[in-house]
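What follows is the residue order along each chain.
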Amino acid sequence: MTEEIVVVPGDGIGKEVVPAAVSVLEAVGDFEFVEAEAGDAVKEETGEALPEETYELAASADATLFGAAGETAADVILPLRTAVDSFVNVRPAKAYPGVDALRPETDLVFLRENTEGVYSGHEDRLSEDLSTLTRVVTTSASERLAEFACDYVEDREYDGFSVAHKANVMRETDGRFRDAVVSVAEDRGVETDEVLMDAFATRVCLDPTQFDVVVCPNLAGDVLSDLAAGLVGGLGLLPSANIGPERALFEPVHGTAPDIAGEGVANPSATIVSAAMLLEYLGYDEEGEQVRDAVEGVLADGPRTPDLGGDASTEDVTNAVLERLD
Ligand code: GGG
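Sequence order as written defines the numbering, with residues in each chain counted from 1. Per-residue local features of the predicted model are confined to residues with pLDDT of at least 70, and side-chain atom pairs are confined, for both listing and counting, to 80 or more; whole-chain, interface and lining totals are unaffected and use all residues. Water and hydrogen atoms play no part in the side-chain values, which are based on all heavy atoms of the structure.

Okay, the overall build of the protein next. Along its length, the protein carries 11 helices and 12 strands. On C-alpha atoms alone, the protein measures out to a radius of gyration of 19 Å, which is about the 20 Å that the 2.2 N^0.38 rule sets for 326 residues. For every residue, the accessible area obtained with a 1.4 Å probe (protein chains only) is divided by the maximum for its type, and the residue is called buried under 20%, exposed over 50%, and partly exposed between those limits. By residue count, 53% of the 326 residues in the protein fall in the buried class. We call two residues in contact when some of their heavy atoms are within 4.5 Å. Taking the intrachain contacts of the protein between residues at least 6 apart in sequence as the baseline, contacts between residues at least 24 apart amount to 72%. Residue-level accessible areas treat just the shown protein chains as cover; the underlying method is Shrake-Rupley with a 1.4 Å probe. In the structure as shown, the protein presents an accessible area of about 14300 Å², 45% of it carried by carbon and sulfur atoms. Positive and negative side-chain charges of the protein, numbering 21 and 67 respectively, have mean locations separated by a distance of 8 Å. Each helix is a run of DSSP H or I of at least 4 residues and each strand a run of E of at least 2, with the numbering of both proceeding from the N terminus. Values of the radius of gyration come from C-alpha atoms, whereas the globule rule sets the reference at 2.2 Å times the count of residues to the power 0.38. Neither His nor the chain ends is counted toward charge; the positive residues are Lys and Arg and the negative residues Asp and Glu. Charge positions come from single atoms, namely NZ of Lys, CZ of Arg, CG of Asp or CD of Glu.

This part is about helix α5 (residues 139–155). For a helix, the expected span equals 1.5 Å multiplied by the number of residues minus one. Given a rise of 1.5 Å per residue, 17 residues ought to cover 24 Å, and the 24 Å separating the end C-alpha atoms of α5 matches this to within 8%. A141, S142, L145, A146, F148, A149, C150, Y152 and V153 are the residues of α5 that are buried. Considering only its buried residues, α5 is in contact with β4 (88–94), β5 (107–113), β8 (160–165), α6 (173–188), β10 (213–216) and β11 (239–243). Immediately downstream of α5, the backbone of E157 shows phi near 60°, a positive value.

Another aspect to go through is the site of the ligand. The criterion for a residue being near a molecule or strand is simple. One of its heavy atoms has to lie within 4 Å of it. Around the ligand, the surrounding shell holds 15 residues, and the nearest of these are G67, R112, E251, P252 and H254. Contacts described as polar in this section are N or O atom pairs within 3.5 Å, which, within protein, must combine one atom able to donate a hydrogen with one able to accept it, while residues neighboring in sequence count only if both atoms come from side chains. One of the side-chain N or O atoms of E251 is found 3.3 Å from a nitrogen atom in the ligand. One of the backbone nitrogen or oxygen atoms of H254 is found 2.6 Å away from a nitrogen atom of the ligand. Burial of the ligand by the protein amounts to 85% of the accessible area it has alone, namely 360 Å². At the level of secondary structure, the elements contributing two or more residues to the shell around the ligand comprise β3 (63–68), α4 (73–83) and β12 (248–252).

Partitioning the protein into structural domains gives domain 1 (1–94 + 235–325) and domain 2 (102–232). For the purposes of this description, domain bounds are those given by an automatic or database domain assignment. Computed from C-alpha atoms alone, the centre-to-centre distance between domain 1 and domain 2 is 24 Å. Each partner contributes to the interface: domain 1 provides 19 residues, whereas domain 2 provides 22 residues. Buried surface area refers to the total accessible area, computed with a probe of radius 1.4 Å, that the two partners give up upon joining, counted for both partners together. Between domain 1 and domain 2 lies a buried interface of about 1800 Å² when both sides are counted; carbon and sulfur atoms form 57% of it. Of all residues in domain 1, F87, R91 and A93 bury the most surface against domain 2, accounting for 37% of the area lost on that side. The term salt bridge refers to a side-chain nitrogen of Lys or Arg lying within 4 Å of a carboxyl oxygen of Asp or Glu. At the boundary of domain 1 and domain 2, one finds 3 salt bridges. In this structure, the salt-bridge partner of D222 is R91, at a minimum N-O distance of 3.0 Å.

This part is about the UniProt feature "domain: Isopropylmalate dehydrogenase-like" (unreviewed entry) in the protein. UniProt positions are given in the numbering used here, feature names are shortened, and annotations may be inferred rather than shown by experiment. Those places that UniProt annotates as "domain: Isopropylmalate dehydrogenase-like" (unreviewed entry) correspond, in this numbering, to residues 4–321. Along residues 4–321 one finds 43% helix and 20% strand; the C-alpha atoms at either end are 23 Å apart.

Time to look at the packing of helix α10 (residues 285–301) against helix α11 (residues 314–325). What counts as an axis is a line fitted to C-alpha atoms, over the stretch in contact for a helix, and the angles between N-to-C directions run from 0 to 180 degrees. It is at 9 Å that the axes of α10 and α11 come closest, and there the two elements cross at 125°. In terms of orientation, α10 and α11 fall into the oblique class. Considering how the two elements wind past one another, α10 and α11 form a crossing that is right-handed. In this structure, α10 contributes Q290, V291, A294, V295, G297, V298 and D301 to the contact, and α11 contributes V317, A320, V321, R324 and L325. Note that the term roughly parallel is reserved for angles under 35 degrees, roughly antiparallel for angles over 145, roughly perpendicular for angles of 65 to 115, and oblique for everything else. Should the near helix be turned anticlockwise from the far one by less than a right angle, the crossing is termed left-handed; should it be turned clockwise, right-handed.

Further remarks concern the environment of E35. Looking at the element boundaries, E35 is found in strand β2 (residues 32–35). E35 sits 201 residues away from G236 along the chain, and the two C-alpha atoms are 23 Å apart.

And the structure:
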């Protein structure tokens, strides 16, 4: 059976890094690619940032590869994650040999709650002076994330996981999240340690080896994984997987990077490693590993894009990855 992969480049550098990752997927497998539109440009043309057709395609494909969305991020990424019923965003943040990193010893995985918190979409403008945001936290979503986290650490033989939260201030919402996650882990016999998310931000910069797998509420996971990107050499290196019960959506952690969009110099590594995660999700473990090894080899020996101190183009880096796959 040929798996169907929906490809949504989105805006900005999404249009450059997603074709790079597709060429890598084409080199290692036989997939049916269906391209779909979403983002700022399509909103300008049609009034809609996420056309119904794109949503339906993502909701029925085996996997989706997404690039980036800018101003319309909330109208694109959040519904696309809903389309695949994704309850967890897996964000590995590791330093690569040969890449200049603030903390070369970093090797973390963030498991971010993906449906709730302050990203659940309940914002209101009540008057000229007043806007509000309703934060949603349910025990069921927190438990579902915790079950995934327990499976994740057991499968990969980690000692346990850390739970980052701010339950000393947001007692009801983060308190519910923390209690639900810790309780599932206790029932499963998985060790956890708790860390206040602001303290985590400091501690991870000082010594990232204190942490391995970090389970976080939605916004905290978004912010803290970007912080970790700063420790390993930048956002061009962080892949992610939005996992649902039956399908999944893969995307680089970075956004549209309007400052370099269109110049052909975006680092495709994050998206190509997201494609490796996609391969592994579909059961192509060997091909996923080959792609990871090829990216690691290129990061170590070059060529490198300007964000990593080089002067290579997206195409140069992609070709170097493809050569290593031959
Ligand atoms: N590649 C995904 C992207 O466009 N990221 C920018 C962004 O605003 N992300 C928010 C989020 O991941 O929730």
